[in-house]
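Observations on the model geometry
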Amino acid sequence: MASPALAPFVWSPGWPAAWAVLAFLTAQRLLELVYAQKNTRALLARGAVEHGRDHYPLMVAIHAGFLAALWFSTASDAAMLWPLLIVFALLQAARLWVLATLGPYWTTRIISSPDFPRISGGPYRLVRHPNYWVVTLEILTIPLIFGHYRIAMLWTILNAGILFVRIRSENVALRARSSQKSVA
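Residues numbered from 1 in each chain as written. Predicted model: local features only at pLDDT ≥ 70, side-chain atom pairs only at ≥ 80, totals over all residues. Heavy atoms only, no water.

1. Comments concerning the nonpolar core
Across soluble globular proteins, you tend to see nonpolar side chains buried next to one another. For clarity, the cut-off: Put simply, a nonpolar core is a bunch of buried Ala, Val, Leu, Ile, Met, Phe, Trp, Tyr and Cys residues held in one set by side-chain atoms that sit within 4.5 Å of each other. Only protein chains enter the area calculation, which uses a 1.4 Å probe; residues under 20% of their type maximum are buried, those over 50% are exposed, and those in between are partly exposed. Each helix corresponds to a stretch of at least 4 residues labelled H or I by DSSP, and each strand to a stretch of at least 2 residues labelled E; elements are numbered beginning at the N terminus.
Of all hydrophobic cores here, the largest spans 24 residues; its most connected members are Phe-66, Leu-70, Met-80, Ile-142, Phe-146 and Trp-155. For this core, the secondary-structure elements that each account for two or more residues are helix H1 (17-45), helix H2 (56-73), helix H3 (82-102), helix H4 (130-145) and helix H5 (149-175). Examining the composition of this core, we find that 7 residues originate from one element, H2, more than from any other.

Structure follows, in structure tokens:
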């Protein structure tokens, strides 16, 4: 972030704010995994099946590697681009909107049953797979907050690759529900 053009947008708090951002992100992801596991168990107990199980470990590795790269590359008191912190906060609001819309159907795995409704409310009115849009924008935005352009580029590419596989698998699972009425 040595560019003088960025100087008005740089926040250097003088305390470990960068690690506070990363701690928030890490805690959020861990809490989401707990919530997802709870929902996964409940959905499987209702007779649902998991799709795309083969690619799931790679997806987890990509996301864990992303967090590790951020932690190892970011000084505790790193300067941050405050406009991108605002974008990050807006993405968190979008993430909560997705979770609230899917409720007990939200999970990090592809868990489906022909009996489950197709959700068409909330952000699903606007775009297909809104959670993947949020994650993609986060993977691009979060490293850029700290000026980590290489992390942003590399993990955006890795994420695009796994999403190519994942969305195809998820669409197959959703086609089995195509005769279902959508639920707003």
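2. Quick look at H2
Spelled out, the test is: Here the expected span of a helix is defined as 1.5 Å times the quantity of residues minus one. To obtain the arc, one takes the directions from the helix axis to the C-beta atoms.
In a regular helix each residue adds 1.5 Å, so 18 residues correspond to 26 Å; H2 covers 26 Å between its end C-alpha atoms and thus fits that length. Residues Tyr-56, Met-59, Ile-62, Phe-66, Leu-67, Ala-69 and Leu-70 constitute the buried set of H2. Burial along H2 is one-sided: seen end-on, the buried residues are contained in an arc of 165 degrees. The exposed residues of H2 that point more than 90 degrees off its buried face are Pro-57 and Phe-72.

3. Details of the side chain of Arg-95
Filter applied, for reference: As used in this structure description, the phrase polar contact means that two N or O atoms lie within 3.5 Å; if the pair is within protein, one of them must be able to donate a hydrogen and the other to accept it, and residues adjacent in sequence are counted only when both atoms belong to side chains. Any two residues whose heavy atoms approach within 4.5 Å at even a single point are treated as in contact.
Tracing the backbone shows Arg-95 in helix H3. What makes Arg-95 buried here is its relative accessible area of 2%. Looking at Arg-95, its side chain comes within polar contact range of the side chain of Glu-138, at 2.3 Å. Residues in contact with Arg-95, not counting those within four places in the same chain, are Gln-28, Arg-29, Glu-32, Asn-131, Val-134, Val-135 and Glu-138.

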